[in-house]
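Observations on the model geometry
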Amino acid sequence: MQPWLAESPAYLERWIEEQEVDRASLERVLTGLDIVLQGKVSEHMSGGQEPNLFVPGLSEVAWWDDDLFPWLSQVEAATEDITREFESLGGLAGKRVVANPTELADEGRWSAHYLYHSAKSYPRNIDACPKTVKVLEPIPGALGCGMTYFSVLDPGTHIAAHTGFTNAHLRCHLGLVTPQGARFRVGSETREWETGKAFVFDDSFEHEVWNDSAQGRSVLLFDIWHPELTEIEVRAITYLMEVSRKLIYRTFWAKEFVA
């Protein structure tokens, strides 16, 4: 459990009062925080997930059915435009914003061109990718609820098995450069990417990535809101994400000053 979570319930209670929100409408969010603080998330999930920000009662599906997301076809239709904008940022060969962004690449190199990281924007990259932004705008959460970036795996890269931050998000990948030998496991099922093909999965399930090819692999990755969340739950979780960033930064700088 991340330290900032211990302070989150008090922040949320103040927000509920300030916003004059019906507390009952946030029962799932409040209950989820309590479950996390008690260290009992695993007792409430069937797939071995252990999210830091947990909302009970949401459907748990590792790989989601494409038919539930009609906007996928628009994303796929924009693949050529999105790929050109990825290449304008440097593509596979260019300098990337972050190398090994979560330190999970135990072999090779994983790196990223960020548009959003934990809802924090990267304006220069956003401005360089107007067509990508345009196709993502209608999708709930795709621009700013969590992560949005071009993910790059160098040849021979392995990203160790890990679970995501919250079950309130789902994640979408659009294949851009997809060599044979690049594959992706979510839960018990492994798939390969296809250029121009998008899919949605729940990254709170354990997932793992390999690029065993001799070429780089790239996808457009973006988070979306879980479709079963209510509007007020989305507002509350957005606020909690803002709180988390502030508390994490505060902790970081406190350590820096002590050092």
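To keep things clear, this report deals only with the structure shown in the data block. All values derive from a computational prediction rather than experimental measurement. (Residues numbered from 1 in each chain as written. Predicted model: local features only at pLDDT ≥ 70, side-chain atom pairs only at ≥ 80, totals over all residues. Heavy atoms only, no water.)

**Remarks on the overall build of the protein**
To be explicit about the condition: Where helices and strands are cited, they refer to DSSP runs of H or I of at least four residues and of E of at least two residues respectively, numbered from the N terminus. Exposed residues in this analysis have more than 50% of their type's maximum accessible area, buried residues have under 20%, and partly exposed residues fall in between, with area computed by a 1.4 Å probe over protein chains only. The contact criterion used throughout is that any non-hydrogen atoms of two residues lie within 4.5 Å. Throughout, the Shrake-Rupley method with a 1.4 Å probe supplies accessible areas, and for residues the shown protein chains are the sole cover considered.
A count of helices and strands for the protein gives 7 helices and 12 strands. Across the 259 residues in the protein, those meeting the buried criterion constitute 51%. Long-range pairs, those at least 24 residues apart, make up 74% of the contacts in the protein between residues at least 6 apart in sequence. Counting every atom, the protein has about 12600 Å² of accessible surface; 50% of that belongs to carbon and sulfur.

**Comments concerning the pattern of salt bridges**
The line we're drawing: Take a side-chain nitrogen of Lys or Arg and a carboxyl oxygen of Asp or Glu: if they are within 4 Å of each other, that pair is a salt bridge.
For the coordinates displayed, the defined rule picks out 13 salt bridges. A salt bridge links Arg84 to Asp81; its shortest N-O distance comes to 2.5 Å. With Arg84 and Asp81 both in helix α4 (residues 79–88), this residue pair falls 3 residues apart, about one helical turn. Take Asp81: its relative accessible area is 24%, and that puts it in the partly exposed class. In this structure, Asp203 and Arg171 form a salt bridge, with 3.3 Å as the shortest nitrogen-oxygen distance. On the criterion of sequence distance, the pair formed by Asp203 in the loop between β10 (198–201) and β11 (207–211) and Arg171 in strand β7 (residues 169–177) is long-range, its members being 32 residues apart. Note on Asp203: relative accessible area 6%, which makes it buried.

**Notes on helix α2 (residues 27–37)**
Side chains of residues three or four places apart in an α-helix project in the same direction, reflecting 3.6 residues per turn. Within α2 the residues assigned to the buried category are Val29, Leu30, Gly32, Leu33, Ile35 and Val36. Gly39, located one to two residues past α2, shows a positive phi value of around 70°.

**A closer look at the environment of Phe54**
The topology assignment puts Phe54 in the loop between α2 and α3 (72–77). Separated by 111 residues in sequence, Phe54 and Phe165 place their C-alpha atoms 8.6 Å apart. Residues in contact with Phe54, not counting those within four places in the same chain, are Gly32, Leu33, Ile35, Val36, Val41, His44, Met45 and Asn167.

**Section: the packing of aromatic side chains**
Definition in use: Stacked, tilted and edge-to-face are the three classes applied to pairs of Phe, Tyr and Trp rings, where Trp contributes its six-membered ring and a pair requires centres within 6.5 Å; stacked means planes under 30 degrees apart, edge-to-face means over 60, and tilted covers the rest. Sitting over a ring, as applied to charges here, requires NZ of Lys or CZ of Arg to be within 6 Å of the ring centre and within 35 degrees of the ring normal.
Applying the stated criterion across every chain, the model contains 14 aromatic pairs. The interplanar angle of 85° and the centroid separation of 5.9 Å between the aromatic rings of Trp63 and Phe184 together place this pair among those described as edge-to-face. With Trp63 in the loop between α2 and α3 and Phe184 in strand β8 (residues 182–186), this residue pair connects regions lying 121 residues apart in the sequence. With 4.8 Å between their ring centres and 65° between their planes, Tyr114 and Tyr149 make a pair best called edge-to-face. Of this pair, Tyr114 sits in strand β3 (residues 110–117) while Tyr149 sits in strand β5 (residues 148–153); the two residues are 35 residues apart in sequence, bridging distant segments of the chain. By relative accessible area, which is 2% here, Tyr114 ends up buried. By relative accessible area, which is 4% here, Tyr149 ends up buried. A network of ring pairs unites the aromatic residues Trp63, Phe184, Trp193, Phe199 and Phe201 as a single cluster. The residue whose ring lies beneath Arg14 is Tyr11, and the NZ or CZ to ring-centre distance is 4.7 Å.

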